[in-house]
Amino acid sequence: MIELRGITWDHPRSTAPLAESARRYAAQTDVRVTWDARSLTAFGDASVEELAAAYDLVILDHPHVPLAAEAGCLLPLDMWIAPAQMETLAAQSAGPSHASYAYAGHQWALALDAAVQSSVRRADLLPDPPLPQSWEDVLTLSDDLRARDLWLAVPLGPTDARDSWQTVCASLGEPLGSGPDGFVSEATGIAVLILLRALVRIAHPASLDWTPITLLDHMRDTDDVAYCPLAYCYVTYARDDTPGHVLTFDPVPGVQGAILGGAGFAVSASTAHPAAACAYGAWLCGAEAARTWIVASGGQPGNAAAWTDDNANRLTHDFFRRVYPGLQAAYVRPRLAGFPAFQAGAGQTIHRYLGDGSDPRACMAALADLYAQTCARSASTAREETA
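This is a predicted model, so every value here is computed, not measured. (Residues numbered from 1 in each chain as written. Predicted model: local features only at pLDDT ≥ 70, side-chain atom pairs only at ≥ 80, totals over all residues. Heavy atoms only, no water.)

What is the right way to read the overall build of the protein from this model?
Scanning the protein from N- to C-terminus turns up 17 helices and 11 strands. In terms of overall dimensions, the protein is globule-like: its C-alpha atoms have a radius of gyration of 20 Å, near the 21 Å expected for 387 residues. Structurally, the protein occupies a C-alpha span of about 65 × 50 × 30 Å along its principal axes. Across the 387 residues in the protein, those meeting the buried criterion constitute 58%. Long-range pairs, those at least 24 residues apart, make up 76% of the contacts in the protein with a sequence separation of at least 6. Accessible surface for the protein amounts to roughly 14,700 Å². Of this, 53% is attributable to carbon and sulfur atoms. (Helix = DSSP H or I, 4+ residues; strand = E, 2+ residues; numbered from the N terminus. Rg over C-alpha atoms; globule rule 2.2 N^0.38 Å. Buried < 20%, exposed > 50% of the residue type's maximum accessible area, 1.4 Å probe, protein only. Contact = heavy atoms within 4.5 Å. Areas by Shrake-Rupley, 256 points an atom, 1.4 Å probe, with all protein chains shown as cover.)

Could you clarify how one ought to interpret the confidence of the model for the protein in this entry?
A low pLDDT means the predicted coordinates there should not be read in detail. Mean pLDDT for the protein: 93, with 96% of residues reaching 70 or above. Residue range residues 379-387 is modelled with pLDDT below 50. Its contacts to residues more than four positions away, or to other chains, number 10 contacts. (pLDDT = per-residue confidence, 0-100.)

Would you explain the environment of arginine 5 in this entry?
Here arginine 5 shows up in strand S1 (residues 2-9). For arginine 5 and threonine 29, which are 24 residues apart along the polypeptide, the C-alpha to C-alpha distance reads 16 Å. In this structure arginine 5 touches Thr34, Asp36, Ala54, Tyr55, Asp56 and Leu57, once residues within four positions along its chain are discounted.

Please explain the environment of leucine 4 as it appears in this structure.
By secondary structure assignment, the location of leucine 4 is in strand S1. Considered as a pair, leucine 4 and serine 207 are 203 residues apart in the sequence and their alpha carbons are 40 Å apart. Leaving out residues up to four positions away in the same chain, leucine 4 has contacts with Val31, Arg32, Val33, Thr34, Asp56, Leu57, Thr271, His273, Ala276 and Ala277.

Honestly, the packing of aromatic side chains in this entry has me stumped. Any pointers?
Geometrically, a pair of aromatic rings is defined through the distance of the ring centres and the angle of the planes. Going through the model one piece at a time under the given rule, you end up with 17 aromatic pairs. With centroids separated by 6.4 Å and ring planes inclined at 70 degrees, the aromatic side chains of tryptophan 9 and tyrosine 234 adopt a geometry described as edge-to-face. One end of the pair, tryptophan 9, is in strand S1; the other, tyrosine 234, is in the loop between strand S9 (225-232) and strand S10 (248-250), and 225 residues separate them in sequence. Per residue, the accessibility class of tryptophan 9 equals that of tyrosine 234, and both read buried. Between phenylalanine 249 and phenylalanine 319 the ring centres are 5.4 Å apart and the planes differ by 80 degrees, which places this aromatic pair in the edge-to-face class. Within this pair, whereas phenylalanine 249 is found in strand S10, its partner phenylalanine 319 is found in helix H14 (residues 319-328), the two being separated by 70 residues in sequence. We note that phenylalanine 249, like phenylalanine 319, is buried. Feature note: the residues Tyr25, Phe265, Tyr280, Trp283 and Trp293 constitute an aromatic cluster, connected by ring pairs. In this structure, arginine 13 is placed above the aromatic ring of tyrosine 234, and the distance from its NZ or CZ to the ring centre is 4.6 Å. (Phe/Tyr/Trp six-rings, centres within 6.5 Å; stacked < 30°, edge-to-face > 60°. Lys NZ or Arg CZ within 6 Å of the ring centre and 35° of its normal.)

Please clarify how the sheet that holds strand S8 (residues 151-152) should be interpreted in this entry.
Picture the strands of a sheet paired through backbone hydrogen bonds; they go either parallel or antiparallel. The 4 strands are arranged S8-S9-S7-S10 in an open sheet whose pairing can be described as mixed. Each having just a single partner strand, S8 and S10 make up the two edges of the open sheet. In the sheet, strand S7 (residues 117-121) pairs with S9 via 4 bridges, with the strands oriented antiparallel. Within the sheet, the bridge partner assigned to valine 120 lies in S9 and is cysteine 228. (Pairing = 2+ DSSP bridges.)

Looking at this structure, I do not really get the side chain of serine 93. What am I missing?
Within the secondary structure, serine 93 sits in the loop between helix H5 (83-91) and strand S4 (102-103). When neighbours within four sequence positions are excluded, serine 93 is seen to be in contact with His98, Gly302, Ala304 and Tyr324.

Even after reading the chapter, I still don't get the side chain of arginine 239, so can you show me in this structure?
Secondary-structure assignment places arginine 239 in the loop between S9 and S10. Residue classification places arginine 239 among the buried positions, given a relative accessible area of 8%. A polar contact of 2.8 Å, which involves the side chain of arginine 239, links it to the backbone oxygen of valine 295. Side-chain polar atoms of arginine 239 contact the backbone oxygen of alanine 296, separated by 3.2 Å. Among residues more than four places away in sequence, those in contact with arginine 239 are Val246, Val295, Ala296, Gly298, Leu315 and Thr316. (Polar contact = N/O pair within 3.5 Å; in protein donor to acceptor, adjacent residues only side chain to side chain.)

Would you explain the pairing of strand S3 (residues 57-60) in this entry?
Regular strands place their side chains on alternate faces of the sheet. Burial along S3 is two-sided: the residues Leu57 and Ile59 and Val58 and Leu60 are all buried. As defined by bridge partners, S1 adjoins S3 across 2 bridges and the pair is classed as parallel. Its bridge partner lying in S3, glycine 6 is registered against leucine 57. Bridge analysis of S3 against strand S11 (residues 263-267) gives 4 bridges, and the strand direction is antiparallel. For leucine 60, the partnering residue across the bridge sits in S11 and is glycine 264.

Right under this line is the structure:
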């Protein structure tokens, strides 16, 4: 018997399908898989190198791929999975999910879970489209909601403050990496900071403290927030088997440029069972698993078969079909070894600015300096990857 240990992030969207996968795989193979979980914050910030030293399987966020690849702590999966099977998984990718785990000519993870920043509403409180198609529309909608004693809200804790800033920059045609010095132009960066500050002034007072999960919990359980223009999508809130009100997800205003989230399935370079680990991953990330039992167990697959499947959408109030255009037009964060360090610092910098309303030019200058300090050494690699 082969035993594999894996580490994922602590949310039912991940833990429930992985537990079901372990049960199903054990019934048909001699491989036993045990999954541990870490917090969502650790998922975004923890060292993949340290996790790969302790586990056979690591579920990770795509910005960590360059640093992990350079550290040599993950297997290049294209060297272990048959080319035809890898080509199939790439063709079945939900948006750019599969490609986001490619770096320096190798595939370092498979697209297990797909997500993107989206808008979300309570259809009973905001039943009538059209939804906002621009950020100016969002501000106008907030006025309309306040006239009905309702709120617009945005989760703008440090992690989501930085992600929302990146989304709006990309939606305006300037994703990170497109501006001078490989960053974003000063004018656009400042304009987006000012826009987010304007949202803070009109949004629910708890917005600066909320994560997507705490906001979605609030929308599900109470009746004062009708709309959010920027939050990572969670299929668990679009199912009838979730307590409280069902939430409706759609693309962000303007559809394009929403930041890509999700999670990848990676294999530690130190595993004693590389072939078994890769075979399990390829099975887990395949189309049949995605559109059937992964969706049924509350997952949000990285395989497009689920996003276009009629039954998957029937179970989720058309969640997959509604969000899919935004996922297809998602913005993939720069593939830079220093980018995780930039993210950590940028989140705190933007969150402070949104809280105190200080000079947006000073905030932008601090972001530009941080980007140069953390990302300069790998900028040439990123340009080669993007070409």
